[in-house]
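# Breakdown of the fold
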Amino acid sequence: MREHQAMAVTADKVLGEAGKSVQSFWCRYFTFYDTLNEAIPYREMIADNVTLSGARLGDHVLDAGTGTGNIAVEVLARGARVTGTDFVESALEMCRRKAPAGSFVFADLTKPLPFGDDSFDQVICCSVLHLLDDASQALSVSEFRRVVKPGGRVVVTVFGAGFSSLRVYRETLHRHRAQHGFFATVRLGVRHLFATLRILYYVAQIRRRERSGKHKFLTGEQLRELIAAAGLEVRSVERIFAGQCWVGVGEKTARG
Ligand SMILES: C[S@@+](CC[C@H](N)C(=O)[O-])C[C@H]1O[C@@H](n2cnc3c(N)ncnc32)[C@H](O)[C@@H]1O
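Figured I'd write up the structure that's included with this text. Residue positions are given per chain, counting from 1 as you read along its sequence in written order. Only residues with pLDDT of at least 70 are given local features in this predicted model, and only at 80 or more are side-chain atom pairs given and counted; all residues enter the totals for whole chains, interfaces and linings. As a convention, hydrogens and water are excluded, and side-chain values are obtained from all of the structure's heavy atoms.

A few words on the overall build of the protein chain. A tally of helices and strands in the protein chain yields 11 helices and 7 strands. All radius of gyration figures rest on C-alpha atoms, and the globule criterion is 2.2 Å times the number of residues raised to 0.38. Over its C-alpha trace the protein chain gives a radius of gyration of 18 Å, about what one expects of a compact globule, namely 18 Å for 256 residues. Overall, the protein chain is about 55 × 40 × 40 Å in size when its C-alpha atoms are taken along their principal axes. Each residue is placed in one exposure class: buried if its accessible area under a 1.4 Å probe, protein chains only, is under 20% of its type's maximum, exposed if it is over 50%, and partly exposed if it falls in between. When the 256 residues of the protein chain are sorted by exposure, 53% land in the buried category. Sequence-distant contacts in the protein chain: of pairs separated by 6 or more residues, those separated by 24 or more amount to 70%. For the protein chain, the computed accessible surface area is about 11900 Å², with 54% contributed by carbon and sulfur atoms. Comment: elements are numbered from the N terminus, with helices defined as DSSP H or I runs of at least four residues and strands as E runs of at least two. Contacts: residue pairs with any heavy atoms within 4.5 Å of one another. Accessibility throughout is a Shrake-Rupley quantity obtained with a 1.4 Å probe, and a residue counts as covered only by protein chains that appear here.

In this section: the state of the cysteines. To count as a disulfide, a pair of cysteine sulfur atoms needs to be within 2.5 Å. Tallying each qualifying case throughout the model produces 0 disulfides. You can see cysteine 125 has no disulfide; the closest cysteine sulfur is in cysteine 126, sitting 7.9 Å from it. We classify cysteine 125 as buried; its relative accessible area is 0%. The thiol of cysteine 245 is unpaired, and the distance to the nearest cysteine sulfur, on cysteine 126, comes to 7.3 Å.

Let us now look at the sheet that holds strand β5 (residues 148–159). Two strands are said to pair when DSSP picks up at least two bridges between them. Sheet architecture is open: 7 strands sit in the order β3-β2-β1-β4-β5-β7-β6, paired in mixed fashion. Each edge of the sheet is formed by a strand with only one pairing partner; in this case those strands are β3 (103–106) and β6 (233–240). Each strand axis lies, on average, 15 degrees off the axis of its neighbour in the sheet, ignoring direction. Inspection of the sheet shows β5 paired to strand β7 (residues 245–251) by 7 bridges, in the antiparallel sense. By the bridge assignment, valine 158 is partnered in β7 with tryptophan 246. The strands touched by helix α6 (residues 89–98) are β2 (81–86) and β3; relative to β3, the strand with the most contacts, the crossing angle is about 175 degrees. Most of the contacts of helix α7 (residues 134–147) go to β5, to which it runs at about 150 degrees, and overall it touches β1 (60–64), β4 (120–126) and β5. For helices, the fitted axis covers only the stretch in contact; all axes are lines through C-alpha atoms, and the angles between them, taken along N-to-C directions, range from 0 to 180 degrees.

What follows deals with the side chain of asparagine 49. With respect to the element layout, asparagine 49 can be found in helix α4 (residues 40–53). A residue is classified by how much of its surface remains accessible, and asparagine 49, at 0% relative accessible area, is buried. Asparagine 49 has contacts with Ile71, Ile124, Cys126, Val155, Thr157, Ile240 and Val247, leaving out every residue within four places of it along the chain.

Let us now look at the pairing of β7. Counting buried positions over the 7 residues of β7 gives 7, a clear majority of the element. Judged by which residues are buried, β7 turns out to be covered on both faces: Cys245, Val247, Val249 and Glu251 on one side and Trp246, Gly248 and Gly250 on the other are all buried. Hairpin remark: β6 followed by β7, antiparallel, with 4 residues in the connecting loop; positive phi at phenylalanine 241, about 55 degrees.

With that out of the way, let us pick up the pairing of β1. With 5 of 5 residues buried, β1 is to be regarded as a mostly interior element. Of the two faces of β1, both are covered, the one formed by His60, Leu62 and Ala64 as well as the one formed by Val61 and Asp63. Where β1 meets β2, 5 bridges bridge the pair, whose relative direction is parallel. Directly across from alanine 64, in β2, lies its bridge partner threonine 85. With the strands pointing away from the viewer, any crossover whose connection runs clockwise from the first strand over the helix to the second is right-handed. Regarding topology, helix α5 (residues 70–77) serves as the crossover connection from β1 to the parallel β2, and that connection is right-handed.

Purely geometric stuff here, so don't read any function into it on its own.
This is the structure in structure tokens:
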């Protein structure tokens, strides 16, 4: 762990002006982000990512692009250890408060990871890689392969091509109503109306960047190819998050 901390570098030293403006976008988004924890499809996506990784008691998991640390919290709840990385310092600070048992260090996924080979039992990267371009997506997954131990799994969830936040919102209300009833769902909708509108606005900005080629949402086949091209054996590729994301599982074979 000390090695990880020593290798960690701060955002100011690494990010240029463009990177800082992206950081400020995420800082604003994070003010509202955890409202998603009330949405059944989001909670399921977090739990499924950890389940698919196969993380067990005592394992050490890398949560790449940890954001507000929801994957990290779930990993810790299952008795595994976690190192979360992100390129937004304020997110890392939030995670340190929220999950003091975890370790949180700066890492920009457009660059090699600050960890040695075979450092982790599993790697999870949830809802991050679609924010990168082609080359950085390929670099990230090959870095995940490098830092995971032989036999370990890499779980990657990305926005699917044609991602619709309205479909996620509709399914969230539908599932909440089925579980908790009509009036509880209306109360939830009213309580989180402002935060929900902000989240829809931020996702609309992400979609706009995708249309301008700065981000790349993937088809299931493209995610499969990305994982395979990094030298991982593809175990599964499935729809998740109200069918709007893809989750792919790759394994580093014992041959390495
Ligand atoms: C939608 S959030 C996902 C957070 C978390 N993994 C989850 O599933 O809730 C995307 C995260 O990716 C991070 N991110 C985006 N581009 C990145 C990059 N180049 N390097 C590291 N993290 C990045 C953002 O800071 C943000 O925390």
